[in-house]
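Residues per chain are reported as follows:
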Amino acid sequence: MMHPLTKLYVRRMFSQKLIYIFFACFLTASFFYAFLISTPQMEEMLNIDIRTVGRENFPEFMMRFYVGTVGILFQVFLLTLYICEEDRTKLIFQPLLHGEERRRVMQSKIWIAAGMSMLFVLLIAIINYGAAFMRWGNEIFETEVVIRTGAKYLLSGIYMSCIAMGIIALCLYTRSTWKTIIVSILYMLVDGGICSSGILPLQRIWIGYPSNLAMFAYEYGRMPVREMIWGIAVMMVYGAVFYKISLYKIERIDF
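Residues numbered from 1 in each chain as written. Predicted model: local features only at pLDDT ≥ 70, side-chain atom pairs only at ≥ 80, totals over all residues. Heavy atoms only, no water.

Engineer: Can you help me understand empty space enclosed by the protein in this one?
Structural biologist: In this approach the atoms are scanned with a rolling probe the size of a water molecule, which exposes any empty space left behind. Evaluation of the coordinates by the stated rule reveals 2 cavities of 30 Å³ or more. Each pocket or cavity is described by its volume, and for the largest cavity that value is around 40 Å³. Lining the largest cavity, in full, are Gln-203, Arg-204, Tyr-209, Pro-210, Leu-213, Glu-227, Trp-230 and Gly-231. When contributions to the lining of the largest cavity are tallied by element, the ones reaching two or more residues are helix 9 (200-204), helix 10 (209-217) and helix 11 (225-250). Partitioned by chemical class, the residues of the lining of the largest cavity number 4 nonpolar, 2 polar and 2 charged. By volume, the second largest cavity amounts to about 30 Å³. Counting residues per element, the ones that place at least two in the lining of the second largest cavity are helix 5 (58-88) and helix 6 (102-136). Tallying contributions element by element places helix 6 first for the lining of the second largest cavity, with 4 residues. Classifying every residue of the lining of the second largest cavity by side-chain character gives 7 nonpolar, 2 polar and no charged. (1 Å grid on protein atoms, 1.4 Å probe; cavity = no way out; pocket = protein on both sides within 12 Å on 5 of 7 lines; lining within 4 Å. Points joined across faces, edges and corners; volume = space filled by probe spheres on them. Helix = DSSP H or I, 4+ residues; strand = E, 2+ residues; numbered from the N terminus. Nonpolar A, V, L, I, M, F, W, Y, C, P; charged D, E, K, R; others polar.)

Have a look at this one:
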């Protein structure tokens, strides 16, 4: 049975209008993109080959738009509203009035944010497969490709959950919406630099490298199991560190 505190924060999370606006926009974009990339004008403009990015590869092609930039910015705005604004309005520890410990309150917020991140990646998969099905029909469900793409979506979900934990830790340290957004944008620039640097020892221990590897080095191909296991392990370490940092900081905030 769901803890009352968890129910409270799930309701608060889903009360954010940004969630519905974002997914409505992504649904529209995915639908029209599936049809527009088939036109000669769009193929020439985007310099793409519809035989490569369309049909069963379309869901993987669209995933990079969410995981690479758009999804991270979406989570930054959502979580800064969720954490920083509650901090500013003194609602962040409202359940303390009901006898809940500060640590327990923060744990609920963190796990809900991480769970919502996984759910959002699942929704993106459903949207992309739905748009692809309307455009190309049953041929998008080639078993081997679906398994390959599903594994990459799982990897992306873990990555986005760890990023959510990092954003929460950042919110607690900056206690400012704009500072959190600016640092998050700097992270994406650094992430792009590291993933394209060619410095393998650094890349192997960088949180964003496994998803980058899946989307580009193994684009439209199966990612080796050992690489996926290593990537998940690296991301889980980052997630654990972000989690511990958040709990450490929350105990020391002096309102």
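We are not done yet, so read on.
Engineer: Explain the layout of surface pockets to me, please; I cannot follow it from the model alone.
Structural biologist: Of the pockets and cavities examined, the largest pocket occupies roughly 250 Å³. Lining the largest pocket are Ile-72, Ile-163, Gly-166, Ile-167, Leu-170, Val-183, Ser-184, Tyr-187, Trp-206, Ile-207, Tyr-238 and Phe-242. Counting only elements with at least two residues in the lining of the largest pocket, the list comes to helix 7 (143-174), helix 8 (177-195) and helix 11. A per-class count over the lining of the largest pocket returns 10 nonpolar, 2 polar and no charged. Considered as a void within the structure, the second largest pocket measures approximately 220 Å³ in volume. Around the second largest pocket sit 15 residues that line it, and Arg-64, Gly-68, Thr-69, Met-215 and Phe-216 are the ones nearest its centre. The element best represented in the lining of the second largest pocket is helix 5, accounting for 6 residues.

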